[in-house]
Amino acid sequence: GEPGSEATRGANALGHILLTLGNQLLQIKDNATAQRVCKTSAGMFMHDPEMQGVALHLVGVSHFHMASDNKPKAKEILPNAAQAFALAAECRVGGGRCTKKGASEGISSLLFLGRCLFELDSPEDAERVTAQAISIGRQVLGDQAKETNEAIRAMMELKRQMSAR
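For every chain, the first residue of its written sequence is number 1, and the numbers climb from 1 along that sequence. For this predicted model, a pLDDT threshold of at least 70 governs which residues receive local features, and a threshold of 80 or more governs which side-chain atom pairs are given and counted, while totals over whole chains, interfaces and linings are taken from all residues. With hydrogens and water set aside, each side-chain value is computed from the structure's full complement of heavy atoms.

Visitor: How do you make sense of unusual backbone geometry when you look at a structure like this?
Guide: A negative phi angle is the norm for most residues apart from glycine, just as the trans form is the norm for most peptide bonds. Positive phi values are uncommon outside glycine, yet lysine 29 reaches one of about 65°. As for its placement among the helices and strands, lysine 29 is situated in the loop between helix H1 (6-27) and helix H2 (31-44). Taking relative accessible area as the criterion, lysine 29 reaches 66% and is therefore assigned exposed. Even without a glycine there, the phi angle at aspartate 121 is positive, about 65°. Each helix corresponds to a stretch of at least 4 residues labelled H or I by DSSP, and each strand to a stretch of at least 2 residues labelled E; elements are numbered beginning at the N terminus. Positionally, aspartate 121 belongs in the loop between helix H5 (100-119) and helix H6 (123-141). The buried label applies to any residue whose accessible area, calculated with a 1.4 Å probe on protein chains only, is under 20% of its type's maximum; exposed applies above 50%, and partly exposed to all values in between.

Now the structure itself:
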């Protein structure tokens, strides 16, 4: 429906319920169910990019945990996590709508994306998105922000792991 319509308000309310359920499922480590619930939630938020970003980030987290729990299939699962984190970051910081909250959450999505890319043997891409996280942190939150410093630490760890390979 159109933004603000009754159908959209209903979808938004259902999206919040599903997001809460998905988060609870992640807490009890039912990652496969959480992934499906959060993906459905993201669809309900088509007129609310901020909330859609939250739901997509949780989709990525559920895939990330599934990959961690199933090392033999990790290379098959991680591309799904990477895609979800990339979409979550776009919802949070894309299109010129980068608020402080969006920057903080977007940095988290980008750092997860970088980790996925590194695990998928794409260290240059991992370095690129981690640098993007640092840049957003510095521009929107400032050099002293916790999130900016997390991104800088992630870059240092990435460089360390790249040199160890």
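Visitor: Looking at this structure, I do not really get the nonpolar core. What am I missing?
Guide: Leu19, Phe85, Ile107, Leu110, Leu113 and Cys116 are the most contacted members of the largest nonpolar core, which totals 48 residues. Elements supplying a minimum of two residues to this core: H1, H2, helix H3 (49-69), helix H4 (74-93), H5, H6 and helix H7 (146-164). It is H4 that contributes the most residues to this core, 11 residues altogether. Discounting chain neighbours no more than four positions away, the residues touching cysteine 116 are Phe64, Leu78, Ala81, Ala82 and Phe85. Take the buried Ala, Val, Leu, Ile, Met, Phe, Trp, Tyr and Cys residues and link them wherever side-chain atoms come within 4.5 Å; each set so joined is a nonpolar core. Contact between two residues is taken to exist if any of their heavy atoms lie within 4.5 Å; hydrogens are not considered.

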